[in-house]
Each structure stands twice: as C-alpha cells, then as structure tokens.
Amino acid sequence: MSTSYDLIVIGTGPGGYVCAIRAAQLGMKVAVVEKRGTHGGTCLNVGCIPSKALLHASEAYAEATEHFAEMGIKVKPELDLAAMLAFKDEGVKGNVDGIEYLLKKNKIDAYVGLGTILAPHQVEVTPEKGGKQTLETKAIVIATGSEVAHVPGIDVDEKRIVSSTGALSLPKVPKRLIVIGGGYIGLELGSVWSRLESEVTVVEMLHTITPGLDGEVAKQLQKILKKQGLTFKLGAKVTGVDTSGKSVKLTIEPAEGGKAETLECDVVLVSIGRVPNTGSLGLANVGVETHARGRIVVDHHFQTNVPGIYAIGDVIAGPMLAHKAEEEGVAVAEILAGQSGHVNYDVIPSVVYTAPEVASVGKTEEQLKEDGIAYKAGKFPFTANGRAKVNRTTEGFVKVLADAVTDRVLGVHIIGPDAGTMIAEAAVLMEFGGSAEDLARTCHAHPTLNESVKEAALAVDKRPIHM
Ligand code: FAD
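The name an unreviewed UniProt entry assigns to the chain is Dihydrolipoyl dehydrogenase, from the organism Methyloceanibacter stevinii. Its UniProt record gives the chain a comment under Catalytic activity (unreviewed entry), which states: "N(6)-[(R)-dihydrolipoyl]-L-lysyl-[protein] + NAD(+) = N(6)-[(R)-lipoyl]-L-lysyl-[protein] + NADH + H(+)". Under the UniProt heading Sequence similarities (unreviewed entry), the entry covering the chain gives this text: "Belongs to the class-I pyridine nucleotide-disulfide oxidoreductase family."

Next comes the structure, spelled out in structure tokens:
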C-alpha cells in the first residue's frame, strides 16, 4: 500500500466511510484508519443496526404473544434469547462486511489501528499488534464519533450496570431493569427488554421523556409506553447505587430536592447520552480547538482551526445521528474536491424506533412559539386512517406545522406505525420549500398510512376529508 494520500479519514462510522467513498468517487486517493476490527462505527457495530435487529425481533415476539390470536393465528411463542442475539449478530456482520466490500470496491486503503495526528499532514497508525506506520496526506477528516457518557459514581461493568453496548447483549432477560435516561436510546432498549417480559422503569431527570421532541408527541409516547408496561420516574435524579447485594439498589431523589427513594433491580442501563471521542487523536499535537464539552470546533466547511484538518459526525456539534454524519461526510468530500457541498440542518429527520415509532423533521410547536413564528397546525389521527384501522395499529397521529402567512411547511411530527419511513416525504417536501397545500394536493396511494400525512396537510386548511 502507498503511504501518501489526498485524504485520510480517521474512523469508519457512517460519517467516515461515506466521506471516504464520496471522496474516492470524486477521484481522490483515499485511506481510512479504524481502531475497531470492523468498519461501520458505533452505528453498525453497537448502535443503530443491532438495536433495530432486537427491536424487530422483540416486536415480532410481542406481536405473536399479544396479537396473532386476534388475526386467527394460533401460536405459543417461546423465547430463545441466545438465538435472538445470534440473529442480531448475523445482521450486524452482514452490514459491516458490506462496508468492507464498498471500501475495496472504491479502492480505498483501510488501515486497522489507532489513528493519531502527528502534524497537519501526517497520521500515525498504531495497530494492536505490530509496528506503527506514518502516513502522509493532503487533508485529514476526523470522524471518530462518540462514546457512552457516564454518570459520576456509577461504574459500568457491562454485567449488572450496563451501557447501551451491554444492553444489546444481555445473556438473560433481567426480571427488573432500570433505565437511567429517557432519551431515544434508553426508550428503544427499554422497549426491547420490556417486550421480552422484563419489568422496566425509566428514571429521567427532566419532567418529560425524549427532550427536544414536540411536547404533545412526547406526552403521547409516554402514555403509550406506559400502557405497554414501562414505568416512568420523571423529574428524578439518581444519587447512589449499591451493587453489594443480590439485587442492585438505586437511590433516586426529586431533581429539585426532596425525599429519597430506593429502587431495586437486576440490571441498570445507563443511557444519559454520548460524548465526543477525541481523547486518542493527538489534537494537542496540532492545536485543534474543541468546545468546552469536547466537541471539535469547525467552520461552515467543516474545517477546524488548523488548515487541512476537518471534522464531521458525532465529534462536532449537531444532532448525534448517523444520517447527519453521512450528510456531513458527503459535503466535506465535495468541498475538498472543489465543489460546494453543504448540509441543510433545518431538514434532518429524527426517529425513535419504539412501537409505534416517532418521527419528526423541522421545528416543534415549542420552538415556533419561542421563535415568535406565527403558524397553523393540522393534525390527523391514525384512528381515522383505513389502513391503520384494518391493521389495528391506530395509536398516534400526524401533525403538520405550516407558516401562517406563506403556508410553507416548517415541521412535521408523526407518532404512529412506520413513522420513520413516512417522515421521508415530509423531508423531501421541506427540502424543496414546499407548502402544506403542495402536500395536500399530492395524490397519495390508497390504502396507505401516508394518507394521514396528506390529511394532516389538509387539516392545516381545516378541510380533512376523513375527519
Ligand atoms: P461513529 O459511528 O461513532 O464512528 C466512529 C469510529 O471511529 C468508530 O468506529 C471508532 O472505533 C473510530 N475511532 C475513534 N477514535 C479513533 C482513532 N483515534 N483512530 C481510529 N479510529 C477511531 N443514530 C441514528 O441515526 N439512528 C439510530 O437508530 C441510532 N440508533 C442508535 C442506537 C444506539 C444504541 C447508539 C449507541 C447510537 C445510535 N445512533 C443512531 C447514533 C449513531 O450511532 C451515531 O450518531 C453515529 O454512529 C455517528 O457516526 P460517526 O461516523 O460520527 O461516528
């Protein structure tokens, strides 16, 4: 392999590998450096992909247990957890192998080892075994992602106190699971184990789950998850953990102070967020600037304060999402090739893969109010959608928020079946600056769940047909 490149990307998560492929497509000589034995980063190895495999399998189990009979299907499901975990692992392997194939196909040199920046145009690779290597490059893209954030005083042993990584591979269903943190990762993994019949309690410091979601949607989600058996302790902070006994004892207190309470469980999942992964990069060698919270500071072209060194994905500001990292990867590769790559941060969808799913893009009602923007809201419930009715998946609604003057769509929020897939049409519409009237006048196939999106757009002008 050559040791001199146009571009070296450090980290092959969704940001890094996508950036490398796009740069190779544009004619650059590219290398990637990845410390993990497999490509795909957090997302493919211990994040999006394994969690979705378990969400899919556990949802099928719950469906078979609770709903097959009403469709005239008689089965008595029995859980084989080892097989379910193997199903997840095979899915992960298929995905990470796919990235290796894509890197080869695009003639990208892949180095396995820790990447450290020695100088603005020099990256050192330290493999687990064997000698170090120094690579020369015109540009460096840092795509080293993020790692689990820890609660001070709570040590994760990945057995009884687990992070999201441990929660993806528990060898047995815990009788009682406590999830610290009511964000999307905690709720998704809490849902998995709840469906497999664990008693799940979510402890959240704020008075709402999924901070940042539209308030009405978050409330509805909590109601639905409660009905599914999850218990919520909101406005509560964890002040102590005791693992000396047979069960784990967690002390919680009202966030604003007050009487403490002790909760017992078998496993605690710590899911309070993620922190940028910059520790091993040698940023100090070259003086790359970071924010107080450790994220790398970049300009509109993703360039750090050091010319020639760029950063994308979870390691910089913005939502910690795989598709945001991918968009930035494409944009920076195009910028390096002299094109005008950019990311539209106003149209980044986000999805919570619970059942039902929650998906949103654009502004929430709270944000519009805070920004003083006059808006019209149109809402349509899935109880009035023919397909949802016949499938008996009627929980939830679609909400379209449009500018009161121009009718331009500013936000769409869906809680309901397949919301994560449905949100794409809203994202496309918003990318083109479309109005609620555009959405309302677009012919939607019948019978589909997406008809609810059209109806919500009609409801913006108070003329839904089926309500
Ligand atoms: P990462 O995917 O974190 O990849 C960074 C890579 O850099 C890693 O492979 C790491 O080993 C490597 N690395 C770090 N330092 C070095 C170094 N010095 N040298 C060499 N290599 C290095 N997002 C979604 O959009 N949808 C989801 O459904 C979703 N589900 C999630 C579920 C869970 C349980 C978790 C934990 C996360 C989930 N995410 C999801 C978030 C998503 O995984 C991240 O936003 C995404 O992976 C960020 O991509 P990235 O390329 O910035 O970094």
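Another aspect to go through is the UniProt feature "domain: Pyridine nucleotide-disulphide oxidoreductase dimerisation" (unreviewed entry) in the chain. Following the UniProt record, the feature "domain: Pyridine nucleotide-disulphide oxidoreductase dimerisation" (unreviewed entry) maps to residues 348-457 here. With 34% helix and 28% strand, residues 348-457 has end C-alpha atoms that lie 20 Å from one another.

What follows is about the pattern of salt bridges. When their charged atoms lie close together, side chains carrying opposite charge are able to pair. In total, this model carries 21 salt bridges according to the counting rule given. The residue K104 makes a salt bridge to E100 at a minimum N-O spacing of 3.4 Å. Here E100 and K104 lie together in helix α4 (residues 81-105), a separation of four residues that amounts to about one turn. The exposure class of E100 is partly exposed, given its relative accessible area of 39%.

If you check UniProt for "domain: FAD/NAD(P)-binding" (unreviewed entry), the listed places come out as residues 5-329 in our numbering. For residues 5-329, the end-to-end C-alpha separation is 17 Å, with 32% helix and 26% strand making up the annotated structure.

The subject of this paragraph is a negative patch on the surface. Taken together, the side chains of E59, E63, E66, E70, E197 and D418 make up a negatively charged region of the molecular surface. In this fold, E59 is placed in helix α3 (residues 48-66). Taking relative accessible area as the criterion, E59 reaches 35% and is therefore assigned partly exposed.

Attention now goes to the packing of α3 against helix α6 (residues 184-195). Two numbers describe how α3 lies on α6: the axes approach to 9 Å, and their chain directions differ by 35 degrees. Here α3 and α6 pass one another in a crossing that is left-handed. Judged by residue contacts, S51, K52, L54, L55, S58, E59, Y61 and A62 of α3 engage E188, L189, S191, V192 and R195 from α6. Among the residues forming the contact of α3 with α6, the class breakdown is six nonpolar, three polar and four charged.

How each quantity is defined
- Residues numbered from 1 in each chain as written.
- Predicted model: local features only at pLDDT ≥ 70, side-chain atom pairs only at ≥ 80, totals over all residues.
- Heavy atoms only, no water.
- UniProt positions renumbered as here; feature names shortened; annotations may be inferred.
- Helix = DSSP H or I, 4+ residues; strand = E, 2+ residues; numbered from the N terminus.
- Salt bridge = Lys/Arg side-chain N within 4 Å of Asp/Glu carboxyl O.
- Buried < 20%, exposed > 50% of the residue type's maximum accessible area, 1.4 Å probe, protein only.
- Patch = residues over 30% accessible without salt bridge, like charges linked within 9 Å, V, L, I, M, F, W, Y side chains within 5 Å.
- Areas by Shrake-Rupley, 256 points an atom, 1.4 Å probe, with all protein chains shown as cover.
- Lys, Arg positive; Asp, Glu negative; His and termini not counted.
- Charge placed at Lys NZ, Arg CZ, Asp CG, Glu CD.
- Axes fitted to C-alpha atoms, helices over the stretch in contact; angles between N-to-C directions.
- Left-handed = near helix turned anticlockwise from the far one by under 90°.
- Contact = heavy atoms within 4.5 Å.
- Nonpolar A, V, L, I, M, F, W, Y, C, P; charged D, E, K, R; others polar.

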